[in-house]
Amino acid sequence: MKIDFNKIKMLISDVDGVWTDGTFYKGPDGFELKKFSVFDGVGMAMARAANLKIALISGRYSSATESRALELKIKDVYNGALNKIPAYEELKIKYDLNDSNIAYIGDDWIDIPVMEQVAAPIAVKNATKQVKNVAVHITRSSGGDGAFREAVEWIVDKQGRTEEVIKIMREKVSSS
């Protein structure tokens, strides 16, 4: 399968196991904590500089996910969507995209139905064997250790836009 990376306009990501290592801490009152990597926050800034749309589709509802998405200004968050296909279809309609315009990064079985449809399915290092079998790229980083950022870098590199994106990011930093 030949991928036209210049057609990729959106990266959709799972959360638990991609943005986190899959661990969460839950207190008796229901309060939940997750560890997110600052590297993935920088990956979000890189995605913006590359004009790459980002959406999160998490199989499990989490207020920590909502909080992190709000902090990073990620508008398209489907939190608690075990069946990810309806969210995926909604995103395609919302942004007038088709499968060839989308990459997806995941780690577990519930990610496979979307991964089988997108142009560029990506698995994190710690993904299940079945997910890795569907992927065209496997990150060197595990979920929670910058795997999302690595996926953004990989797409931008495949588009031949790394220097352009670095320049945009430098300009944003120096103007702030």
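Scroll up to find the structure this text is about.
Residues numbered from 1 in each chain as written. Predicted model: local features only at pLDDT ≥ 70, side-chain atom pairs only at ≥ 80, totals over all residues. Heavy atoms only, no water.

### Points about the side chain of Lys 92
This is how it is decided: Helix and strand definitions here come from DSSP, where helices need a minimum of 4 consecutive H or I residues and strands a minimum of 2 consecutive E residues; each element is numbered from the N-terminal end. Identification of polar contacts relies on pairs of N or O atoms within 3.5 Å, with a donor-acceptor requirement for protein atoms, meaning one able to donate a hydrogen and the other able to accept it, and with residues adjacent in sequence counted only if both atoms are side-chain atoms. Only heavy atoms enter the contact rule, under which two residues are in contact if any of them lie within 4.5 Å.
On the secondary structure map, Lys 92 appears in helix 3 (residues 85-94). At 2.9 Å, the side chain of Lys 92 and the side chain of Asp 99 are in polar contact. The residues touching Lys 92, leaving out its near neighbours within four places in the chain, are Leu 97, Asn 98, Asp 99, Ile 102 and Gln 117.

### Observations regarding the packing of helix 1 (residues 38-49) against helix 6 (residues 147-158)
Using the following cut-off: All axes are obtained by fitting lines to C-alpha atoms, using only the stretch in contact for helices, and the reported angles, taken between N-to-C directions, cover 0 to 180 degrees. Oblique is the label for any angle not covered by the other classes, which are roughly parallel (under 35 degrees), roughly antiparallel (over 145) and roughly perpendicular (65 to 115). Helix crossings fall into two classes, left-handed where the near helix is turned counterclockwise from the far one by less than a right angle and right-handed where it is turned clockwise. Note on residue classes: Ala, Val, Leu, Ile, Met, Phe, Trp, Tyr, Cys and Pro are nonpolar, Asp, Glu, Lys and Arg are charged, and everything else, Gly too, is polar.
As a packed pair, helix 1 and helix 6 sit with axes 7 Å apart at the nearest point and diverge in direction by 30°. Regarding the angle of helix 1 to helix 6, the classification is roughly parallel. Viewed along their axes, helix 1 and helix 6 form a crossing whose handedness is left-handed. Where helix 1 abuts helix 6, its residues Phe 39, Asp 40, Val 42, Gly 43, Met 44, Met 46 and Ala 47 lie against Ala 147, Phe 148, Arg 149, Val 152 and Glu 153. Per-class residue counts for the contact of helix 1 with helix 6 are eight nonpolar, one polar and three charged.

### Focus on the sheet that holds strand 6 (residues 102-106)
What counts here: DSSP calls a pair of strands paired once it identifies at least 2 bridges connecting them.
Taken in spatial order, the six strands of this open sheet run 5-4-1-6-7-8, and their pairing is parallel. Only two strands of the sheet have a single partner each, and these edge strands are strand 5 (76-79) and strand 8 (137-138). Both strand 1 (residues 10-13) and strand 4 (residues 53-58) contribute to a ladder of four bridges, which runs parallel. Within the sheet, the bridge partner assigned to Leu 11 lies in strand 4 and is Ile 54. On top of the sheet, helix 3 reaches strand 1, strand 4, strand 5 and strand 6; it is set at about 165° to strand 5, its chief contact.

### What about helix 3?
The test is simple: The cut-offs for exposure are 20% and 50% of the maximum accessible area for each residue type, with area from a 1.4 Å probe on protein chains only; residues under the lower value are buried, those over the upper are exposed, and the others partly exposed. By definition, the arc is the one covered by directions from the helix axis to the C-beta atoms.
Regarding helix 3, the residues found buried are Ala 87, Tyr 88, Leu 91 and Lys 92. Buried positions in helix 3, seen along its axis, are confined to an arc of 140° and lie on one side of it. A positive backbone phi angle near 50° is found at Asp 96, which sits one or two residues after helix 3.

### What about the packing of helix 1 against helix 7 (residues 162-174)?
Direction vectors running N to C along helix 1 and helix 7 enclose 105°, while the axes themselves pass 9 Å from each other. Judged on the interaxial angle alone, helix 7 and helix 1 are roughly perpendicular. Contact residues: helix 1 offers Val 42, Ala 45, Met 46 and Ala 49, while helix 7 offers Val 165, Ile 168 and Met 169. Class assignment of the residues belonging to the contact of helix 1 with helix 7 gives a composition of seven nonpolar, no polar and no charged.

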